[in-house]
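# A structural walkthrough
Below, each chain spelled out in residue letters.
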Amino acid sequence: MLYWITNVLAVYGDLPTALAALLNAGLILYLSVFVGLFAVAVRRLLVKFGPMSLLASPFLWITFELARGYVTGFPWEVLGNSQLKILPVAQLASVGGVNSLSFLTAAVSAAIVIATMPHAPAPRVRYVPAVVVLLAIVVIAAWGSRRLADNALTRQGDIVRVGMVQGNVDQAIKWDPASAAKIFRDYIKQTRQAIFEGATLVMWPESSTPFMFEEDPSGAEVLKNIARQAHVSILFGSDQIERGRPTRYYNSTFLIRPDGTTGGVYRKMRLVPFGEYVPMHQLLFFAAPLTEKVGTFTPGDRVELLPVDGHRLSVAICYEVVYPGLVRQEVTAGSELLTTVTNDAWFGDTSAPLQHFEQAAMRSIENGRYLVRAANTGISGIVDPYGRVLQQSKVFEPAVLVGEVRFLNASTFYTRHGDIVGIASIVFTVLLLVWPTRRVQ
């Protein structure tokens, strides 16, 4: 699943392939520690309580999966994302978030193991978990199918026509001064096409301007003039400098209003390890080339909602969209539309862009919001509040997508109450592991 990181480190970090592979192997080994801890914890419960203690393994899985994301800062592709294509079942995320889907998936595995393990209880007992899980899946799927058929969220809220610009700029020339003028012209041309097709909100990808918006008055004025002339809002990624001691660099997204003024700026809060900063940089000094070309970024310190036509939208920049809690925080703050901008050129011709897009789609189901995604090399697209992909671009092709979405105010159970499944799993896991030991004979 993470094979593509070796290519990122070698091609864009200027590391020798062998060193890149070694570093990626180290990352994978580090992440696998949490799977190992899960196995150790399950073994401990088996010793304490016997075979039926496997019924607790879904709680343990959630706990260590959450620990992986929190400790490593890399919560990529949690187990529940595997259910995204099964939309009736995936609707459960609107109640318990993606962790509820992880729990259900782990419960299926636990039930199968109990039913087939050689030292399990008598048949009349060993098959009970499988029957219960099967009934739960049937009920969830029936409820999810009814939710999809009702489709209520697609009839609510004000409509906005959004244009997504996919520039398909090769990472090798993205910061080449000789290519800057052409890159900018191409984006302007695509923006005019989106406006011609009726877009009133145009989105560019992460770090899409070949200059820093606040540092280049002439380039900024071109964007402002387009917004004024066409009376549209333009959302785009551009790096930002805050001069001082020390000088700070931010990966930011700006919004230009239809009157040409800046409506707001969101600074990325969750930075990519080894892409925007090097964790433990004194120890991992050899990975510094990954960030030397753009400088080490500083994380933003707050959610910033951006105004469009009397409504408010939120932005997740690149990798931030894999954090359910961050996106939920944006919705509880008042976001009526989820947007995400990214530059997935780093991933190359791998499965990573699809993995990234699908994780973004899960945020739609969790929060009952449309999600619009603009990606430099794809995948750009629109996902409805139920996780259905309405539009999707191809990878490594220039594209302009235009479609209608809605600003929504209704909230899901997950948005209102948060990750109850995760919290309950942690509490239950701790209680089980500290329970006085009773060795099974």
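As a reminder, the structure under discussion sits directly above these lines.
A brief look at the structure comes next. Keep in mind that this is a model prediction, so the values were computed, not measured. (Residues numbered from 1 in each chain as written. Predicted model: local features only at pLDDT ≥ 70, side-chain atom pairs only at ≥ 80, totals over all residues. Heavy atoms only, no water.)

### Regarding the packing of aromatic side chains
Just so we agree on the cut-off: Planes of paired rings set the category: under 30 degrees apart is stacked, over 60 is edge-to-face and the rest tilted, where pairs are Phe, Tyr or Trp rings (Trp by its six-membered ring) whose centres lie within 6.5 Å. Two conditions define a charge located above a ring, namely a distance within 6 Å from the ring centre to NZ of Lys or CZ of Arg, and an angle within 35 degrees of the ring normal.
In the structure shown here, the tally under the stated rule is 15 aromatic pairs. For the pair Y319 and Y323, a centre-to-centre distance of 5.5 Å together with 90° between the ring planes defines the contact as edge-to-face. An aromatic cluster of three or more residues is present, and its members are F184, Y187, W204, F211, F213, F236 and F254. Above the face of the W175 ring, K174 is positioned so that its terminal group lies 5.3 Å from the ring centre.

### Concerning helix α5 (residues 93-116)
Helical geometry note: an α-helix holds 3.6 residues per turn, so side chains three or four residues apart project in the same direction. As a reminder of what qualifies: Runs of E in the DSSP output that reach at least two residues are strands. Runs of H or I that reach at least four are helices, and both are numbered from the N terminus. A helix's residues, less one, multiplied by 1.5 Å, set its expected span. What we call the bend at a residue is the angle made by axes fitted to the seven residues finishing there and the seven residues starting there. Think of it in three bands: residues with accessible area under 20% of the maximum for their type are buried, residues over 50% are exposed, and the middle band is partly exposed, with areas taken using a 1.4 Å probe on protein chains only.
End to end, α5 covers just 29 Å across 24 residues, shorter than the expected 34 Å (1.5 Å per residue, more than 12% under). The largest bend in α5 amounts to roughly 70° and is located at N99. Taking burial as the measure, the 24 residues of α5 include 17 buried ones, the bulk of the element.

### Remarks on the packing of helix α2 (residues 17-49) against helix α14 (residues 420-434)
Put simply, the rule is: To define axes, lines are fitted to C-alpha atoms, for helices over the stretch in contact only, and angles between the resulting N-to-C directions are given on a 0 to 180 degree scale. Orientation labels follow simple angle bins: below 35 degrees gives roughly parallel, above 145 gives roughly antiparallel, 65 to 115 gives roughly perpendicular, and whatever is left gives oblique. For any pair of crossing helices, the crossing counts as left-handed if the nearer helix is rotated counterclockwise from the farther one by less than a right angle, and right-handed if it is rotated clockwise. For this analysis, residues touch if any pair of their heavy atoms sits within 4.5 Å. Polar here means any residue outside two lists: the nonpolar Ala, Val, Leu, Ile, Met, Phe, Trp, Tyr, Cys and Pro, and the charged Asp, Glu, Lys and Arg; Gly therefore counts as polar.
Remark: α2 packs on α14, axes separated minimally by 10 Å, with the N-to-C direction vectors making an angle of 50°. As judged from the angle between their axes, α2 and α14 are oblique. Judged by the twist between their axes, the crossing of α2 over α14 is left-handed. Two secondary-structure elements touch here, α2 through A41, R44, L45, K48 and F49 and α14 through L432, L433 and V434. When the residues that make up the contact of α2 with α14 are grouped by side-chain class, the tally is six nonpolar, no polar and two charged.

### So, the sheet that holds strand β1 (residues 159-166)
Counted only if it meets this: Any two strands are treated as partners once DSSP identifies two or more bridges connecting them.
One open sheet accounts for six strands, arranged β5-β4-β3-β2-β1-β12; its pairing is mixed. The strands lining the two open edges of the sheet, one partner per strand, are β5 (262-267) and β12 (399-406). If you compare each strand with its neighbour and ignore which way they point, the axes differ by 30° on average. When β1 meets strand β2 (residues 201-203), the two strands line up parallel, connected through three bridges. If you follow M164 over to β2, its bridge partner there is M203. Each of β3 (233-242) and β4 (248-256) is contacted by helix α9 (residues 217-230), which is oriented at about 155° to β3, the strand it contacts most.

### Side note on the pattern of salt bridges
For the record, the criterion: When a carboxyl oxygen of Asp or Glu lies within 4 Å of a side-chain nitrogen of Lys or Arg, that pair is called a salt bridge.
On inspection of all chains with the given rule, the structure shows 10 salt bridges. K85 is paired through a salt bridge with E358; the nearest N and O atoms lie 3.3 Å apart. Of this pair, K85 sits in the loop between α3 (57-72) and α4 (87-90) while E358 sits in helix α12 (residues 352-367), and the two are 273 residues apart along the sequence. Overall, K85 belongs to the exposed group, its relative accessible area being 66%. Under the relative-accessibility criterion, E358 is labelled buried at 18%. Here R243 and E215 are joined by a salt bridge, their closest N and O atoms 3.1 Å apart. A residue pair is termed long-range when its members are at least 10 positions apart, and R243 in the loop between β3 and β4 and E215 in the loop between β2 and α9 qualify at 28 residues. Under the relative-accessibility criterion, R243 is labelled exposed at 58%. Accessibility expressed as a relative area gives 36% for E215, which makes it partly exposed. One connected set of salt bridges, linked through shared partners, spans D301, R302 and E304.

### Focus: the pairing of β5
The sheet contact formed by β4 and β5 spans five bridges and is antiparallel. Directly across from F254, in β5, lies its bridge partner V265. Between β4 and β5, which follow one another and run antiparallel, lie five residues, and G260 among them has a positive phi close to 90°.

### Details of the pairing of β12
Along β12, seven of the eight residues are buried, which leaves the element largely enclosed by surrounding structure. Two elements, β1 and β12, share eight bridges in a ladder whose sense is antiparallel. Directly across from V165, in β12, lies its bridge partner V400.

Structural measurements only, silent on function.
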